[in-house]
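# An overview of the molecular structure
Okay, here's what each chain looks like letter by letter:
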Amino acid sequence: MTSPVRTLPGSQFIDPNVLGRIGDLELIARWVVEGFISGLHRSPHLGFSTDFAEHRQYVPGDDIRHIDWRVYARTERYYLKTFEADTNTNFVVLLDVSASMGFKHERLSKLEYAKILAACLLYFSHRQRDRVGLVTFDDQLRDVVPASARHLQQCLHGLERAVPLGKGDLSRPLSLIAEQQRRRGMYLLLSDLYEPPDKVIDALAALRDAGHDVMCMQVLDSAERTFPWEDVTTFRDVESGVRVPVVPGKLRQEYLAAIQSHVATLEKRLGEHRVDYTLVDTSQPLDRVLFEYLLRRERMRTVR
């Protein structure tokens, strides 16, 4: 299971269901991230340095706003000013948009929550001058936005276009993504991971073997973890259409044992393969998830 939740100084405990009613991903991302960072500045342990670190030669795709024009005046060459907090990493969100991600028990579906979370993390990374990109997929690639310092808007538009559709399958889409990447970077998979753990690990192997940092967030609805139903009902697999009559009282303990085993096995096996794993419940406040993400990112940066 995930590590104990740590307290975020200045936490606002942002209710994702309230954000879901706003409907503007860019506005949500800006509001959440700027508020989150404002709270983060009260922490003595985490923050964003604005201390100058070094100059780096300009390469196509860099944001020209960071060119040091004084250096250009002396050398007639373009150099960027970088700061201690800058990473200039390729940060790409891999968003599962298969039909199962459309499940919701109460208000926000898993995909709606994942889209808001992805928008916040992309905005967060863009703010640190990372190159951001987005890939949406089910059993094939649906939308690809290459990583670039200028692609935040394209990523947000890609998120807004994403709808839950089709069967889920990680192996083929992730293999294609790994083949297309030429520069090492950080890849964040957002998915409900309803595949056997060995298949998940095999699907991520191509990215890991290519030297990328891989993070994995398993997004689940609270109802999928607690099985709150009481009345006899018929459940329908949203990807296959198969219907199964269920007596919840007879199935609950067996189901809970199975889902807990699945989650625990994923965390253990992914950790063994150096893939950072986080379980995300759609009832969780977004700032708590962002804080956990930042802790993991700092850890990954220090072990490189």
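Note that the structure is predicted; figures quoted are calculated from it, not measured.

What counts as what
Residues numbered from 1 in each chain as written. Predicted model: local features only at pLDDT ≥ 70, side-chain atom pairs only at ≥ 80, totals over all residues. Heavy atoms only, no water. Pairing = 2+ DSSP bridges. Helix = DSSP H or I, 4+ residues; strand = E, 2+ residues; numbered from the N terminus. Axes fitted to C-alpha atoms, helices over the stretch in contact; angles between N-to-C directions. Salt bridge = Lys/Arg side-chain N within 4 Å of Asp/Glu carboxyl O. Buried < 20%, exposed > 50% of the residue type's maximum accessible area, 1.4 Å probe, protein only. Arc of directions from axis to C-beta. Contact = heavy atoms within 4.5 Å. pLDDT = per-residue confidence, 0-100. Core = buried A, V, L, I, M, F, W, Y, C linked by side-chain atoms within 4.5 Å. Parallel < 35°, antiparallel > 145°, perpendicular 65-115°, else oblique. Expected span 1.5 Å × (residues − 1). Bend = angle between axes of the 7 residues up to and from the residue.

Quick look at the sheet that holds strand 7 (residues 213-220) now. Reading across from one edge, 5-4-3-6-7-10 is the order of the 6 strands in this open sheet, with mixed pairing throughout. Looking at which strands have only one partner, the edges of the open sheet turn out to be strand 5 (141-148) and strand 10 (276-281). Neighbouring strand axes in the sheet, compared pairwise and without regard to direction, differ in orientation by 15° on average. Where strand 6 (residues 185-191) meets strand 7, 6 bridges bridge the pair, whose relative direction is parallel.

Glancing now at the pattern of salt bridges. In total, this model carries 10 salt bridges according to the counting rule given. Residues joined in a network through salt bridges with shared partners are D198, K268, R269 and E272.

What follows covers helix 6 (residues 171-180). Taken as a whole, helix 6 has its buried residues at P173, L174, I177 and A178. Looking straight down helix 6, one finds that the buried residues subtend no more than 135° of arc, so they occupy a single side. In helix 6, the exposed positions that point more than 90 degrees away from the buried face belong to R172 and E179. The secondary structure elements touched by the buried residues of helix 6 are strand 3 (90-96), strand 4 (131-137), strand 5, strand 6 and helix 7 (197-209).

When pLDDT is averaged along the chain, the result is 81; 79% of the residues meet or exceed 70. The model gives residues 1-13 a pLDDT under 50, and that stretch makes 34 contacts with residues more than four places away or in other chains. Here residues 41-51 scores under 50 on pLDDT; set against residues more than four positions off or in separate chains, the count is 21 contacts.

This part takes up the nonpolar core. F91, L95, L159, L190 and M217 are the most contacted members of the largest nonpolar core, which has 43 residues in total. Secondary-structure elements contributing two or more residues to this core are helix 2 (25-40), strand 3, helix 4 (110-127), strand 4, helix 5 (152-161), strand 6, strand 7 and helix 10 (286-303). When residues in this core are grouped by element, the largest group, 12 residues, is from helix 4. One finds Y187, L193, V200 and L204 within the second-largest nonpolar core, a separate group that totals 25 residues.

Mapped onto the fold, E160 is located in helix 5. Residue classification places E160 among the partly exposed positions, given a relative accessible area of 42%. Considering only alpha carbons, one finds E160 and D24, 136 residues apart in sequence, at a separation of 8.7 Å. For E160, the contacting residues outside a window of four places in its chain are L25 and K115.

It is worth spelling out the packing of helix 4 against helix 5 at this point. Put simply, helix 4 and helix 5 touch, their axes get as near as 10 Å, and they point 175° apart. Accordingly, the angle class assigned to the pair helix 4 and helix 5 is roughly antiparallel. In this structure, helix 4 contributes K115, A118, A119, L122, Y123 and H126 to the contact, and helix 5 contributes L152, C155, L156, L159 and E160.

This part takes up helix 9 (residues 248-272). Here helix 9 contains 25 residues, and its C-alpha end-to-end distance of 35 Å stays within 8% of the 36 Å for a straight helix at 1.5 Å per residue. At E254, helix 9 is deflected by roughly 25°, the largest bend along its length. Every buried residue belonging to helix 9 is among P248, R252, L256, I259, H262, V263, L266, E267 and L270, and all of these are buried. Contact partners of the buried residues in helix 9: helix 7, strand 7, helix 8 (222-226), strand 9 (243-246) and strand 10. Once helix 9 ends, the next one or two residues include R274, with phi positive near 60°.

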